[in-house]
Amino acid sequence: MKYLVKGARVIDPQIHLDDVCDVLIDNGFIAKVEKSISEKDFIVEGDAEANVEVIDAKGRVLTVGLVDMHVHFRDPGYEYKETIESGCRAAVHGGFTDVATMPNTDPVTDTGTGIRYQIDRARAAKLCHVRPIGALTRGEEGENLAEIGDMVLEGAVAFSDDGHGVQKAGMMRVAMGYVSQFDKLVIAHCEDESLAGHGVINEGRPSSKLGMFGIPALAEELEVYRDIELCRLTGCPLHIAHISTAKSLDMVRAAKREGLPVSCEVTPHHLFLCEDDITDAYNTNYKMNPPLRTHDDMLALQQGLIDGTIDAVATDHAPHAQHEKDCEWEIALNGITGLETSLPLMLTHMIHTNHLSWQRLVEVMAIAPRRLLRLDAVKIEPGYAANLTLIDPSAQVSITPEYFESKACNSAWLGEKLTGCAQDVFVDGVRVMHEGCVC
């Protein structure tokens, strides 16, 4: 199938492209990128119409397909929360062509078979690319190495014990030393559990006011420091997941200046929410791990995204069933859905407020995640796979339970109206979303 995207503002900072262009998609690849491509060129003799579907994209923005490098699809083991198919539907609805799935499933994805299962299920869904992340240790128990080499052979793009992290420094050193041999990324969930204890909210004034055990910022910062030092020791590329404090960010900034292979990501909820948003209503959609931090931390993270210290925006998409959130704060599970609100939030709070350029948005939501995960580059020029996201910056989005393609709707933004969202998504040249509807 041929598609001709006409009149979009086409943005790809990799090739210094930011212009109104026409883009021809043919047989899964980008065939032409020109100022004007006539649909008459595709009329076959004897036919009344052109052999191409024309998409009027005036007023819209065409970018490299978005990538979320940190999602939880719960499959296998927790399919009542999300399946690979429903997660892929949510991803496409959010504008993503690629997602990297965390391994804390049941059983834990710590073998080549587990990696293959996810890839095969995603191919059957025929929606977006799923890039599985393998566990660092068996069962994510932090005691013995998982089958790293076997998982690499089956397609694992990175390794992590996300959910709690590797608690023993010696085990983390062994894991990083081993993973470094495969030129893969170690993604660290930085949390010292002995400091976090039974905490359920950031340790500070709101935790005291609301009478809940707090998690000190030091629980994250201590392991960020430790893992950066282990990166220095082993040479293994290190990525800090869901960074949440200004001090953690400062350590990453210093490591980058030193030339260490250290990167980090931030979630939309840590960019746009803080502990002050948690009230005595005890809305458990504000409960996550790491917890929402201080207002100053939130502003520091926004600045880190703007100045380039933060490499990627990742959602930590964490779907839960209603009964797992509609309960007392102390026993409610951590996390919120994120795939379908990430782009609208970034457009509303960063693009439309002129805090972030479109070029930087594409860098942190599409280009850098691909580079960090060692995926093939996608560029908007002839010969590259047509993994593309067409965005309507002015579309009005109401966040209601009915809005979500995910099985879950545990969102902190329920009831809000946002501006801007993905309209069409192409995965290897196949249009998997059309005018906001998943195909």
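Residues numbered from 1 in each chain as written. Predicted model: local features only at pLDDT ≥ 70, side-chain atom pairs only at ≥ 80, totals over all residues. Heavy atoms only, no water.

Peer 1: Describe the overall build of the protein chain, naming the residues involved and giving the relevant values.
Peer 2: For the protein chain, the count of helices and strands is 13 helices and 19 strands. Residue pairs at least 24 apart in sequence account for 74% of intrachain contacts in the protein chain once pairs closer than 6 positions are excluded. Total accessible area on the protein chain stands at roughly 17000 Å², and carbon and sulfur atoms take up 49% of it. On the protein chain, the mean spot of the 39 positive side-chain charges and the mean spot of the 67 negative ones are 3 Å from each other. (Helix = DSSP H or I, 4+ residues; strand = E, 2+ residues; numbered from the N terminus. Contact = heavy atoms within 4.5 Å. Areas by Shrake-Rupley, 256 points an atom, 1.4 Å probe, with all protein chains shown as cover. Lys, Arg positive; Asp, Glu negative; His and termini not counted. Charge placed at Lys NZ, Arg CZ, Asp CG, Glu CD.)

Peer 1: Can you tell me about unusual backbone geometry, naming the residues and giving the values?
Peer 2: Put simply, D106 and P107 share a cis peptide bond, and its omega is 5°. Relative to the helices and strands, P107 resides in the loop between β7 (96-101) and α2 (112-125). Following N289, the chain continues into P290 via a peptide bond in cis, with omega recorded as 0°. Tracing the backbone shows P290 in the loop between α9 (268-272) and α10 (295-307). For Y282, which is not glycine, the phi torsion reads 50° and is therefore positive. In this structure, R374 takes a positive phi of about 60° despite not being glycine. Given the relative accessible area of 33%, R374 is considered partly exposed. (Buried < 20%, exposed > 50% of the residue type's maximum accessible area, 1.4 Å probe, protein only.)

Peer 1: A description of the sheet that holds strand β8 (residues 129-134) should follow, citing residues and the corresponding values.
Peer 2: Strand order in this open sheet of 8 strands is β6-β7-β8-β9-β10-β13-β14-β15, and the pairing throughout is parallel. Each having just a single partner strand, β6 (66-71) and β15 (312-313) make up the two edges of the open sheet. Where β6 and β7 come together, 4 bridges link them in parallel fashion. Looking across to β7, one finds that V67 is bridged to D98. Sheet strands in contact with α2 are β7 and β8, and its direction is about 170° off that of β8. Packed on one face of the sheet, helix α4 (residues 169-179) meets β9 (158-159), β10 (185-188) and β13 (238-240) and runs near 150° to β10. (Pairing = 2+ DSSP bridges. Axes fitted to C-alpha atoms, helices over the stretch in contact; angles between N-to-C directions.)

Peer 1: If you had to explain a nonpolar patch on the surface to someone new, which residues and values would you point to?
Peer 2: On the surface, L195, L218 and L222 cluster together into a nonpolar patch covering about 230 Å² of accessible area. With respect to the helices and strands, the residue L222 is situated in helix α7 (residues 218-234). (Patch = residues over 30% accessible without salt bridge, like charges linked within 9 Å, V, L, I, M, F, W, Y side chains within 5 Å. Salt bridge = Lys/Arg side-chain N within 4 Å of Asp/Glu carboxyl O.)

Peer 1: Which residues make up the UniProt feature "binding site: substrate" (unreviewed entry) in the protein chain, and what values go with them?
Peer 2: The positions UniProt marks with the feature "binding site: substrate" (unreviewed entry) are H72, F73, R74, N104, N289 and H320. The residue N104 is located in the loop between β7 and α2 in this model. For N104, a relative accessible area of 22% gives the class partly exposed. In contact with N104, not counting residues within four places along its chain, are H72, Y78, E140, D162 and G163. Only 3.0 Å separates the side chain of N104 from the side chain of H72, close enough to count as a polar contact. Relative to the elements of secondary structure, H320 occurs in the loop between β15 and α11 (322-325). Beyond its immediate sequence surroundings of up to four residues, H320 is in contact with R74, K81, K325, L333, N334, G335, A408 and N410. A distance of 3.5 Å separates polar atoms of two side chains, one belonging to H320 and the other to R74. (UniProt positions renumbered as here; feature names shortened; annotations may be inferred. Polar contact = N/O pair within 3.5 Å; in protein donor to acceptor, adjacent residues only side chain to side chain.)

Peer 1: Residues and numbers for the packing of aromatic side chains, please.
Peer 2: What characterises a pair of aromatic rings is the spacing of the ring centres plus the angle enclosed by the ring planes. Across all of its chains, the model carries 3 aromatic pairs by this definition. Plain terms: the ring middles of Y403 and F404 are 5.5 Å apart, the flat faces sit at 75° to each other, and that makes the pair edge-to-face. Take Y403: its relative accessible area is 16%, and that puts it in the buried class. The ring of Y78 is capped by K81, whose NZ or CZ atom sits 5.8 Å from the centre of that ring. (Phe/Tyr/Trp six-rings, centres within 6.5 Å; stacked < 30°, edge-to-face > 60°. Lys NZ or Arg CZ within 6 Å of the ring centre and 35° of its normal.)

Peer 1: Could you give me a rundown of the environment of R74, with the residues and numbers involved?
Peer 2: Among the secondary structure elements, R74 is positioned in the loop between β6 and α1 (84-93). Overall, the relative accessible area of 10% leaves R74 in the buried class. It is 29 Å that separates the C-alpha atoms of R74 and G177, two residues lying 103 residues apart in sequence. Filtering out sequence-adjacent residues up to four positions away, R74 remains in contact with E79, K81, E82, T105, A318, P319 and H320.

Peer 1: Run through the pattern of salt bridges, naming residues and quoting values.
Peer 2: In the structure shown here, the tally under the stated rule is 26 salt bridges. Here R253 ties to D250 by a salt bridge, and the two come within 2.9 Å at their closest N and O atoms. In this pair, R253 and D250 both sit in helix α8 (residues 246-258), 3 residues apart, roughly one turn of the helix. By relative accessible area, which is 21% here, R253 ends up partly exposed. Ionic pairing is found between K256 and D311, a salt bridge with its closest N-O pair at 2.9 Å. Here D311 lies in the loop between α10 and β15 and K256 lies in helix α8, a separation of 55 residues in the sequence. On the basis of relative accessibility, which here comes to 27%, the residue K256 falls in the partly exposed class. Judged by relative accessible area, D311 falls into the buried class, the value being 13%.

Peer 1: Any details on α7? Residues and values, ideally.
Peer 2: In this model, α7 (17 residues) spans 24 Å end to end at C-alpha, consistent with the 24 Å of a helix rising 1.5 Å per residue. Taken together, the buried positions of α7 are A219, E220, E221, E223, V224, R226, D227, I228, L230 and C231. Once α7 finishes, G235 follows within two positions and takes phi at roughly 80°, a positive value. (Expected span 1.5 Å × (residues − 1).)

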